[in-house]
Amino acid sequence: MREIVLTITPVSLILAAAQVNRKWYSYSMRKDKPSFTAYKVALSLVTLGTIPEMREILPNGIVEATETLLVASGAASVRKIGWARSPRMVSVYKAFDWVLPGQFEAFASRKAFCEQQVRDGIHAGATQILTLGAGYDTLGWRLAPEFSAVEFFEIDHPATAKLKQTGITAMGQHKNLHLIAADLSTQKLMDVLANHESWRQHAQTVIIAEGLVMYLSCHAVRDLFSQCAASSGVSTRFAFSYIPTGEDGRLDAGPRTGLMLWLQKMIGEPWLWSIRPEELGSFLEGIGWKLVPDLAGASNKHGIEMYGVCQKV
Ligand SMILES: C[S@@+](CC[C@H](N)C(=O)[O-])C[C@H]1O[C@@H](n2cnc3c(N)ncnc32)[C@H](O)[C@@H]1O
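Residues numbered from 1 in each chain as written. Predicted model: local features only at pLDDT ≥ 70, side-chain atom pairs only at ≥ 80, totals over all residues.

## Regarding the confidence of the model for the chain
Caution applies to low-pLDDT regions: their predicted coordinates should not be interpreted in detail. The condition is simple: Confidence scores labelled pLDDT are given residue by residue by the predictor and lie between 0 and 100. Contact between residues is assigned whenever the C-beta positions, reconstructed from backbone atoms, fall within 7 Å.
Predicted confidence across the chain gives a mean pLDDT of 89, with 89% of residues reaching 70 or more. Contacts from residues 1-30, a stretch scored under 50 in pLDDT, to residues over four places away or in other chains number 33 contacts.

Shown next as structure tokens:
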């Protein structure tokens, strides 16, 4: 990793990433390894926290909570956190903009978007929050004490969820925060929620799927939205980020899309789903949701992603 830090050119970064990813490839395809992309998002937040303009965008307390969680869970060492905080890492991430334009800084606006959706949803009467593919996200842990009458649920693949639970236990488990370990590619979300004693099927809910749907097949995305509609009450809102489909009909992650599709495949977390923004409304109709562009705010791209907010019909 030292080599990556010392030789910061876009080409060397790609080669270094490919080497790292080749090592990852052999074991990250195994289902018992925690998510690398969730770890990458969390470490990016630590680095973003060192940039004053990004601090203005990031939700209060998120950087400190993420650092604590990464260490307490064993996902990252104190040394790695120190390294993520170093000015060199800002340069490294900024150099990666060549590969994914704007995506590093977009993690800050994505976190702010999701937290705003949760706060607005609670203000509008939601009593349950469900974060799908939560990774090392700290929203539930930070907001649970502030909204003690609201139940916070998180679901992630067991390999990631178990590691996170270790960290949350060390940080102090709030009684209205529930971490659920489930592989949504093999378990039905409806069943997972129905089996949880605190889940209320008819409660107004805010559902968050941040950086998740691109990892699912089209069928799985449909199924996920349908099951969320069947598992939640009237006026539930679903906020998510997605990668748009480009003019050539394939997922559009910017000028290095081909390279990124390859890298994602190499780390065992391939991007599978994208959609044209103008087709999102009709996609969601018929599976229980109405797109509400006004709730999503500005509809422009944030890095390589766009945001969507829909409401249960
Ligand atoms: C890119 S990470 C995003 C993490 C988090 N939402 C964030 O933005 O900080 C994608 C997350 O989805 C989870 N995930 C992917 N496939 C899953 C599945 N089949 N079941 C449960 N979780 C899954 C991964 O474990 C990972 O934590």
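## Description of the sheet that holds strand E4 (residues 205-209)
Rules: Pairing between strands is defined by DSSP: at least two bridges between the two strands are required. Helix and strand assignments come from DSSP, with helices taken as H or I runs of at least 4 residues and strands as E runs of at least 2, each series counted from the N terminus. Only C-alpha atoms enter the line fits that serve as axes; for helices the fit covers just the stretch in contact. Angles between N-to-C directions range over 0 to 180 degrees.
Read across the open sheet, the seven strands follow the order E3-E2-E1-E4-E5-E7-E6; overall the sheet is mixed. Every interior strand has two partners, whereas the edge strands, strand E3 (177-181) and strand E6 (289-291), have only one. Each neighbouring strand pair of the sheet contributes to a mean axis angle of 20°, computed without reference to strand direction. In terms of strand pairing, strand E2 (residues 151-156) meets E3 through five bridges, oriented parallel. Note on E3: the bridge partner recorded for Phe152 is Leu177. The sheet strands contacting helix H10 (residues 158-171) are E2 and E3, and the helix crosses E3 at an angle near 150°.

## Observations regarding the site of the ligand
Rules: For each residue, a C-beta position is placed from the backbone atoms; the residue is near a molecule or strand when that point lies within 6 Å of it. Under the grouping applied here, Gly and all other residues not named as nonpolar or charged are polar, the nonpolar ones being Ala, Val, Leu, Ile, Met, Phe, Trp, Tyr, Cys and Pro and the charged ones Asp, Glu, Lys and Arg.
Near the ligand you find 18 residues, and of these Ser35, Ala38, Gly133, Gly135 and Leu184 are the closest. Per-element accounting of the shell around the ligand gives the leading share, three residues, to helix H3 (residues 36-48). For the shell around the ligand, the residue count by class is six nonpolar, eight polar and four charged.

## Overview of helix H12 (residues 218-230)
Put simply, the rule reads: Here a helix's expected span is defined as the number of its residues, less one, multiplied by 1.5 Å. Residue burial is a threshold on neighbouring C-beta atoms within 10 Å of the residue's own C-beta, all placed from the backbone, with 20 or more meaning buried, 12 or fewer meaning exposed, and counts in between meaning partly exposed. An arc is given here, and it is the one of the directions from the helix axis to the C-beta atoms.
An ideal rise of 1.5 Å per residue puts 18 Å on 13 residues; H12 measures up with 19 Å between its terminal C-alpha atoms. Listed as buried for H12 are Val221, Leu224, Phe225 and Cys228. Projected onto a plane normal to the axis of H12, the buried residues spread over an arc of 90° and lie on a single side.

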